[in-house]
Amino acid sequence: MKTAALLYGRNDGYKEDDRIVVCLESMLETFDEVWFLDWNTPQDNNPILWDLESRLPKTGRLKHIIIPPDAASELTGHNPNAQACLATLSTNIRLRRCDADWIAVTTIDILAPKKEILNDFLSKADKNTFYTFSRRDVEMSGLEDLGIEKWKEFRDNLDLTSEPRYFPSKVSPNDNYSIFNCCGDFQMASKEVWDGIKGFEENMLYACFADTNIQKKAMLNGYQLVPVYDIPLYHLSHKGMGNDGSSPSKQVYNDVLKWVEYFVSSENPDTWGFSTVEIEYEEI
């Protein structure tokens, strides 16, 4: 059984270097491989992992894709309102190229669950089920006070003291798919499920609701949708963004009625994830 975690980001100063390093280290410890896609880093900056490479373990298991601004603009149809750091397209690019048996789509501010805990869960998991894990919110300052390099000790203590996070959420009147607030911070399914639902909707170029949409897609395609509360993983809260997912970077929003309330089928082509385009990656 091969596992993979998919993450993305850009070098714009939004998320601190220490956070990115800790999250990647935890993902590399837990998963067999990690895919990181650098989407639309401003032209004058290096891709973020190039700036952080000296701080990252050299495992050969970190797959690094770079989509520069000109390519990002082309892939979004030169839409001026597309999210500067776009989850839907960047995730689909990685989903089509990752061959792991189980794939977690997650974010660069999550401290991964321990490998043995996740693997025990997966040994009993159903390959026809879409799982969404409820994160547990912690302050980044708590880790900073202890020392960034002591993130394993920080996680060990949280595993003993934290409690499951139950945070019911709906984004539209008949939304029975979000399950809980920020449902997209750690979503996991078999390769077959991700392929069966054609990944994320590629016409969702703006902020919000893509995670609720994909969970509805899973159910519409006949898969079970199951929340997971008892696997401990942690969201390191960051400056300028609240635990409810609000962010100053979200200026234009996807239409919640179209993509959640009245959504019935995917608009993605069979070539979703730009499967006919050769996209190179490096290994770190």
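Residue positions within a chain follow its written sequence, with the count starting from 1. pLDDT decides what is reported in this predicted model: residues at 70 or higher carry local features, side-chain atom pairs at 80 or more are listed and counted, and totals for whole chains, interfaces and linings draw on all residues regardless. Values shown for side chains rest on all heavy atoms present in the structure; no hydrogens or waters enter the calculation.

Peer 1: Sorry, what's going on with the overall build of the chain here?
Peer 2: Where helices and strands are cited, they refer to DSSP runs of H or I of at least four residues and of E of at least two residues respectively, numbered from the N terminus. On a plain count of helices and strands, the chain comes out with 10 helices and 11 strands. A compact globule built from 284 residues would reach a C-alpha radius of gyration of about 19 Å, and the chain, at 18 Å, matches this within 12%. On the principal axes, the C-alpha backbone points of the chain span a range of 45 × 40 × 35 Å. Contacts in the chain between residues at least 24 apart in sequence constitute 85% of all its contacts with a sequence separation of at least 6. Under the counting rule used here, the positive set is Lys and Arg, the negative set is Asp and Glu, and His together with the chain ends is not counted. To locate a charge, take atom NZ for lysine, CZ for arginine, CG for aspartate or CD for glutamate. Within the chain, the 46 negative side-chain charges are centred at a point lying 3 Å from the centre of the 29 positive side-chain charges. In this setup the radius of gyration rests on C-alpha atoms only. A globule is expected at 2.2 Å times the number of residues raised to 0.38. Every residue pair with non-hydrogen atoms within 4.5 Å of one another is taken to be in contact.

Peer 1: I'm lost on the confidence of the model for the chain in this one. Help?
Peer 2: For residues with low pLDDT, the predicted coordinates do not support detailed interpretation. Confidence of the predictor at the level of single residues is captured by pLDDT, which takes values from 0 to 100. Averaged over every residue, the pLDDT of the chain is 95; the share at 70 or more is 95%. This model gives residues 241–246 a pLDDT under 50, and the stretch forms 17 contacts once residues within four places in sequence are excluded.

Peer 1: For this particular structure, what's the right way to read the sheet that holds strand β10 (residues 234–237)?
Peer 2: Remark on secondary structure: sheet strands pair via backbone hydrogen bonds, oriented parallel or antiparallel. Here three strands make up an open sheet; going across it, the order is β5-β10-β7 and the pairing mixed. Because the sheet does not close on itself, it has two edges, and the strands there are β5 (110–111) and β7 (136–139). For helices, the fitted line uses only the C-alpha atoms of the stretch in contact; every axis is such a line through C-alpha atoms, and the angle between N-to-C directions lies from 0 to 180 degrees. Its contacts with the sheet put helix α7 (residues 151–161) on β5, β7 and β10, and the angle it makes with β10 is roughly 120 degrees. Strands are labelled as partners when DSSP assigns at least two bridges between them.

Peer 1: What is the right way to read the sheet that holds strand β1 (residues 3–9) from this model?
Peer 2: In spatial order, the strands read β9-β6-β8-β4-β1-β2-β3-β11; together these eight strands make up an open sheet with mixed pairing. Looking at the sheet topology across the chains shown, the edges are occupied by β9 (224–228) and β11 (282–283). Contacting β6 (129–133), β8 (186–190) and β9, helix α9 (residues 210–220) crosses the sheet at an angle of about 155 degrees to β6.

Peer 1: I tried to follow helix α5 (residues 115–122) on my own but got confused; where do I start?
Peer 2: What sets the pattern is the α-helix's 3.6 residues per turn: residues three or four places apart point alike. Listed in full, the buried residues belonging to α5 are Leu118, Phe121 and Leu122. All buried residues of α5 lie within an arc of 95 degrees about the axis, which places them on one face of the element. Looking at the buried side of α5, the elements it contacts are β1, α1 (17–30), β4 (102–106), β6, β8 and β9. Exposure categories follow from relative accessible area, calculated using a 1.4 Å probe and restricted to protein chains: below 20% of the type maximum is buried, above 50% is exposed, and the middle band is partly exposed. By construction, the arc corresponds to the directions joining the helix axis to the C-beta atoms.

Peer 1: Just checking my understanding: could you explain the pairing of β7 for this structure?
Peer 2: Successive side chains on a regular strand alternate, one facing one side of the sheet and the next facing the other. What you see with β7 is a clean split: Arg136 and Val138 sit on the buried side and Asp137 and Glu139 on the side with no burial. Where β7 lies against β10, four bridges are found, and the strand directions are parallel. Across the sheet, the residue bridging to Glu139 is Ser237, located in β10.

Peer 1: Just to check I follow, could you spell out the packing of α1 against α7 for this structure?
Peer 2: Helices that pack against each other are described as a pair by the angle of their axes relative to one another and the distance between those axes. At their nearest, the axes of α1 and α7 sit 11 Å apart, and the two run at 75 degrees to each other. The angle between α1 and α7 places the two elements in the roughly perpendicular class. Each of Val22, Glu25, Ser26, Glu29 and Thr30 in α1 lies in contact with α7, whose residues at this interface are Trp151, Lys152 and Arg155. Gly counts as polar in this scheme, as do all residues outside two lists: the nonpolar Ala, Val, Leu, Ile, Met, Phe, Trp, Tyr, Cys and Pro, and the charged Asp, Glu, Lys and Arg. Its residues assigned to classes, the contact of α1 with α7 shows two nonpolar, two polar and four charged. In these notes the angle categories are as follows: under 35 degrees is roughly parallel, over 145 is roughly antiparallel, 65 to 115 is roughly perpendicular, and the rest is oblique.

Peer 1: Looking at this structure, how should I read the nonpolar core?
Peer 2: General note: in soluble globular proteins, nonpolar side chains tend to be found buried as a group. Note on terminology: a nonpolar core comprises buried Ala, Val, Leu, Ile, Met, Phe, Trp, Tyr and Cys residues joined through side-chain atoms within 4.5 Å. Ranked by internal contacts, the top residues of the largest apolar core, which has 44 residues, are Leu24, Phe31, Leu62, Phe133 and Met188. Setting aside chain neighbours within four positions, we find Phe31 in contact with Thr3, Ala4, Ala5, Arg61, Ala104, Lys115, Leu118, Phe186 and Met188. Ile93, Ala100, Phe200 and Tyr223 belong to the second-largest nonpolar core, a separate cluster that totals 40 residues.

Peer 1: Is there a simple way to explain unusual backbone geometry in this structure?
Peer 2: Working note: non-glycine residues mostly have negative phi, and peptide bonds are mostly trans. Positive phi values are uncommon outside glycine, yet Lys198 reaches one of about 60 degrees. Within the secondary structure, Lys198 is located in the loop between α8 (191–196) and α9.

Peer 1: Can you walk me through the pairing of β8 in this structure?
Peer 2: With five of five residues buried, β8 is to be regarded as a mostly interior element. Covered by surrounding structure in β8 are Phe186, Met188 and Ser190 together with Gln187 and Ala189, the residues of both alternating faces. Pairing geometry for β4 and β8, over five bridges, is antiparallel. When the bridges of β8 are listed, Thr106 appears paired with Phe186. Pairing of β6 with β8 involves two bridges; the strand directions are antiparallel. For Thr132, the partnering residue across the bridge sits in β8 and is Gln187.

Peer 1: Can you walk me through the pattern of salt bridges in this structure?
Peer 2: For side chains bearing opposite charge, pairing can occur when the charged atoms are close. The salt bridge criterion pairs a side-chain nitrogen of Lys or Arg with a carboxyl oxygen of Asp or Glu, the two atoms within 4 Å. Counted according to the given criterion, the structure contains 19 salt bridges. The partner of Glu33 in a salt bridge is Lys2, and the shortest N-O contact between them spans 3.2 Å. On the criterion of sequence distance, the pair formed by Glu33 in strand β2 (residues 33–39) and Lys2 in the segment before β1 is long-range, its members being 31 residues apart. Overall, the relative accessible area of 28% leaves Lys2 in the partly exposed class.

Peer 1: Is there a simple way to explain the environment of Pro57 in this structure?
Peer 2: Here Pro57 shows up in the loop between α2 (48–52) and β3 (62–67). The spatial distance from the C-alpha of Pro57 to the C-alpha of Ile284 is 8.0 Å, given a sequence separation of 227 residues. Look past the residues within four positions of Pro57 in its chain and what remains in contact with it is Glu25, Leu28 and Ile284.

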